[in-house]
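# Understanding the architecture of this molecule
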Amino acid sequence: MAIALFCGLMFGCGLWISGMANPANVLGFLDVTGHWNPILAGVLGGAVGITLPGFWLLRRKGRDASGQALHWPSRWPPDKGLVIGSALFGVGWGLSGVCPGPALVLLGLDGAKAVLLITCIALGWLVGKLGWERLYSPAAPVDMRGKNTSP
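Residues numbered from 1 in each chain as written. Predicted model: local features only at pLDDT ≥ 70, side-chain atom pairs only at ≥ 80, totals over all residues. Heavy atoms only, no water.

### Structural notes on the side chain of S18
- Among the structural elements, S18 can be located in helix α1 (residues 2–18).
- Here the side chain of S18 touches G14 through a polar contact of 2.9 Å, landing on its backbone oxygen.
- Here L15 takes part through its backbone oxygen, which lies 3.2 Å from a polar atom of the side chain of S18.
- Beyond its immediate chain neighbours, meaning those up to four positions away, S18 contacts I39 and V43. (Helix = DSSP H or I, 4+ residues; strand = E, 2+ residues; numbered from the N terminus. Polar contact = N/O pair within 3.5 Å; in protein donor to acceptor, adjacent residues only side chain to side chain. Contact = heavy atoms within 4.5 Å.)

### Considering the packing of helix α2 (residues 23–30) against helix α4 (residues 80–96)
- At a minimum axis distance of 8 Å, the contact between α2 and α4 shows a crossing angle of 115°. As far as their axial angle goes, α4 and α2 are roughly perpendicular. Here P23, V26, L27 and L30 of α2 lie close against α4, whose contacting residues are W93, G94 and S96. (Axes fitted to C-alpha atoms, helices over the stretch in contact; angles between N-to-C directions. Parallel < 35°, antiparallel > 145°, perpendicular 65-115°, else oblique.)

### Regarding α1
- The terminal C-alpha atoms of α1 lie 24 Å apart, and with 17 residues this matches the ideal 24 Å at 1.5 Å per residue to within 8%.
- Where α1 is concerned, the buried positions are G12, L15 and S18. Along the axis of α1, the buried positions cluster into a sector of 140°, meaning they face one direction only. In α1, those exposed residues whose orientation departs by more than 90 degrees from the buried face are A2, I3, L5, F6, L9, M10, W16 and I17.
- G19, located one to two residues past α1, shows a positive phi value of around 90°. (Expected span 1.5 Å × (residues − 1). Buried < 20%, exposed > 50% of the residue type's maximum accessible area, 1.4 Å probe, protein only. Arc of directions from axis to C-beta.)

### Comments concerning the nonpolar core
- Core analysis: the biggest nonpolar cluster contains 11 residues, these being L15, M20, A21, V26, L40, V98, A103, V105, L106, A114 and L117.
- Of all elements in the fold, only α5 (100–106) and α6 (111–136) reach the threshold of two or more residues within this core.
- When residues in this core are grouped by element, the largest group, 3 residues, is from α5.
- In contact with L15, other than residues within four places in its own chain, are M20, A21, G101, P102 and V105. (Core = buried A, V, L, I, M, F, W, Y, C linked by side-chain atoms within 4.5 Å.)

### With respect to the packing of aromatic side chains
- For the structure shown, the criterion picks out 3 aromatic pairs.
- Consider the rings of F29 and W36, whose centres lie 5.9 Å apart with planes at 40°: the pair is tilted.
- In this structure W36 comes out as partly exposed when scored by relative accessible area, which is 42%. (Phe/Tyr/Trp six-rings, centres within 6.5 Å; stacked < 30°, edge-to-face > 60°.)

Everything listed here is a matter of geometry and, on its own, says nothing about what the molecule does.
Structure, rendered in C-alpha coordinates:
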(Lines give C-alpha, C1' and ligand atoms only; values in the text may rest on other atoms or scores of the structure.)
Protein backbone atom coordinates (compact mmCIF):
# COMPACT_ATOMS: atom_id res chain seq x y z
CA MET A 1 0.00 0.00 0.00
CA ALA A 2 2.86 2.39 0.80
CA ILE A 3 4.44 1.83 -2.62
CA ALA A 4 1.07 2.39 -4.34
CA LEU A 5 0.53 5.59 -2.32
CA PHE A 6 4.02 6.82 -3.19
CA CYS A 7 3.53 6.06 -6.90
CA GLY A 8 0.13 7.79 -6.90
CA LEU A 9 1.59 10.87 -5.23
CA MET A 10 4.47 10.94 -7.71
CA PHE A 11 2.03 10.62 -10.62
CA GLY A 12 -0.15 13.42 -9.25
CA CYS A 13 2.85 15.68 -8.65
CA GLY A 14 4.07 14.97 -12.17
CA LEU A 15 0.69 15.90 -13.63
CA TRP A 16 0.61 19.09 -11.60
CA ILE A 17 4.21 20.13 -12.31
CA SER A 18 3.86 19.39 -16.04
CA GLY A 19 0.71 21.50 -16.26
CA MET A 20 -1.57 18.62 -17.19
CA ALA A 21 -3.91 19.41 -14.28
CA ASN A 22 -4.67 22.69 -16.06
CA PRO A 23 -7.46 22.07 -18.59
CA ALA A 24 -6.31 25.11 -20.61
CA ASN A 25 -3.09 23.25 -21.53
CA VAL A 26 -4.97 20.20 -22.79
CA LEU A 27 -7.53 22.27 -24.68
CA GLY A 28 -4.67 24.37 -26.09
CA PHE A 29 -3.08 21.19 -27.45
CA LEU A 30 -6.35 20.24 -29.14
CA ASP A 31 -6.72 23.73 -30.68
CA VAL A 32 -4.67 23.00 -33.80
CA THR A 33 -6.24 25.84 -35.81
CA GLY A 34 -5.82 28.56 -33.16
CA HIS A 35 -3.19 29.04 -30.48
CA TRP A 36 -1.74 25.53 -30.37
CA ASN A 37 0.05 24.63 -27.12
CA PRO A 38 2.54 21.75 -27.61
CA ILE A 39 3.09 21.03 -23.88
CA LEU A 40 0.92 17.88 -23.94
CA ALA A 41 2.97 16.47 -26.83
CA GLY A 42 6.11 16.90 -24.73
CA VAL A 43 4.52 15.19 -21.71
CA LEU A 44 3.25 12.31 -23.86
CA GLY A 45 6.59 11.98 -25.61
CA GLY A 46 8.41 11.90 -22.28
CA ALA A 47 6.02 9.31 -20.88
CA VAL A 48 6.38 7.06 -23.93
CA GLY A 49 10.15 7.52 -23.93
CA ILE A 50 10.37 6.32 -20.33
CA THR A 51 7.70 3.60 -20.50
CA LEU A 52 8.53 1.95 -23.84
CA PRO A 53 11.94 0.58 -22.79
CA GLY A 54 10.38 -0.75 -19.58
CA PHE A 55 7.67 -2.63 -21.46
CA TRP A 56 10.25 -3.94 -23.94
CA LEU A 57 12.33 -5.26 -21.05
CA LEU A 58 9.31 -6.82 -19.31
CA ARG A 59 8.16 -8.54 -22.51
CA ARG A 60 11.65 -9.87 -23.10
CA LYS A 61 12.09 -11.02 -19.51
CA GLY A 62 8.54 -12.46 -19.23
CA ARG A 63 8.44 -11.95 -15.46
CA ASP A 64 7.75 -9.02 -13.15
CA ALA A 65 10.05 -7.82 -10.36
CA SER A 66 8.66 -10.44 -7.95
CA GLY A 67 9.36 -13.25 -10.43
CA GLN A 68 5.73 -13.93 -11.40
CA ALA A 69 5.03 -14.72 -15.03
CA LEU A 70 3.44 -11.91 -17.03
CA HIS A 71 0.34 -12.58 -19.10
CA TRP A 72 -0.08 -10.04 -21.87
CA PRO A 73 -3.56 -9.43 -23.28
CA SER A 74 -4.17 -10.26 -26.91
CA ARG A 75 -6.53 -7.52 -28.02
CA TRP A 76 -5.90 -7.42 -31.74
CA PRO A 77 -7.79 -6.54 -33.77
CA PRO A 78 -9.57 -4.17 -31.37
CA ASP A 79 -13.19 -5.03 -30.76
CA LYS A 80 -16.16 -2.70 -31.10
CA GLY A 81 -16.30 -1.99 -27.36
CA LEU A 82 -12.68 -0.85 -27.23
CA VAL A 83 -13.09 1.47 -30.22
CA ILE A 84 -16.35 2.99 -28.92
CA GLY A 85 -14.97 3.37 -25.40
CA SER A 86 -11.81 5.04 -26.69
CA ALA A 87 -13.84 7.44 -28.82
CA LEU A 88 -16.10 8.37 -25.89
CA PHE A 89 -13.09 8.85 -23.62
CA GLY A 90 -11.50 11.13 -26.21
CA VAL A 91 -14.66 13.19 -26.66
CA GLY A 92 -15.02 13.61 -22.89
CA TRP A 93 -11.38 14.56 -22.56
CA GLY A 94 -11.67 17.05 -25.41
CA LEU A 95 -14.82 18.66 -24.01
CA SER A 96 -13.54 18.99 -20.44
CA GLY A 97 -9.80 19.27 -21.01
CA VAL A 98 -9.27 16.82 -18.15
CA CYS A 99 -8.76 13.05 -18.05
CA PRO A 100 -9.35 10.98 -14.88
CA GLY A 101 -5.82 11.27 -13.44
CA PRO A 102 -5.70 15.08 -13.45
CA ALA A 103 -9.34 15.19 -12.30
CA LEU A 104 -8.20 13.64 -9.02
CA VAL A 105 -5.35 16.17 -8.79
CA LEU A 106 -7.89 18.95 -9.32
CA LEU A 107 -9.78 17.85 -6.20
CA GLY A 108 -7.08 19.59 -4.19
CA LEU A 109 -6.98 22.67 -6.43
CA ASP A 110 -10.56 23.35 -7.54
CA GLY A 111 -12.81 21.07 -5.50
CA ALA A 112 -16.33 21.90 -6.76
CA LYS A 113 -15.56 21.58 -10.47
CA ALA A 114 -13.46 18.47 -9.86
CA VAL A 115 -16.22 16.79 -7.85
CA LEU A 116 -18.67 17.45 -10.71
CA LEU A 117 -16.18 16.12 -13.26
CA ILE A 118 -15.40 12.99 -11.24
CA THR A 119 -19.13 12.40 -10.73
CA CYS A 120 -19.63 12.58 -14.52
CA ILE A 121 -16.68 10.20 -15.08
CA ALA A 122 -18.18 7.74 -12.58
CA LEU A 123 -21.62 7.98 -14.20
CA GLY A 124 -20.07 7.42 -17.63
CA TRP A 125 -18.21 4.40 -16.29
CA LEU A 126 -21.41 2.99 -14.76
CA VAL A 127 -23.44 3.51 -17.95
CA GLY A 128 -20.64 1.91 -19.97
CA LYS A 129 -20.43 -1.05 -17.60
CA LEU A 130 -24.17 -1.64 -17.67
CA GLY A 131 -24.25 -1.25 -21.46
CA TRP A 132 -21.32 -3.66 -21.84
CA GLU A 133 -23.04 -6.26 -19.66
CA ARG A 134 -26.26 -5.87 -21.63
CA LEU A 135 -24.47 -6.16 -24.99
CA TYR A 136 -22.31 -9.12 -24.07
CA SER A 137 -24.48 -11.09 -21.64
CA PRO A 138 -25.53 -14.53 -22.84
CA ALA A 139 -28.79 -14.21 -24.72
CA ALA A 140 -31.85 -16.05 -23.53
CA PRO A 141 -32.67 -19.05 -25.72
CA VAL A 142 -35.26 -18.36 -28.42
CA ASP A 143 -37.40 -20.68 -30.51
CA MET A 144 -37.78 -20.64 -34.30
CA ARG A 145 -40.36 -17.81 -34.12
CA GLY A 146 -37.99 -15.57 -32.11
CA LYS A 147 -39.87 -16.06 -28.82
CA ASN A 148 -37.98 -16.27 -25.53
CA THR A 149 -38.10 -19.86 -24.24
CA SER A 150 -36.42 -19.32 -20.86
CA PRO A 151 -38.51 -20.41 -17.85
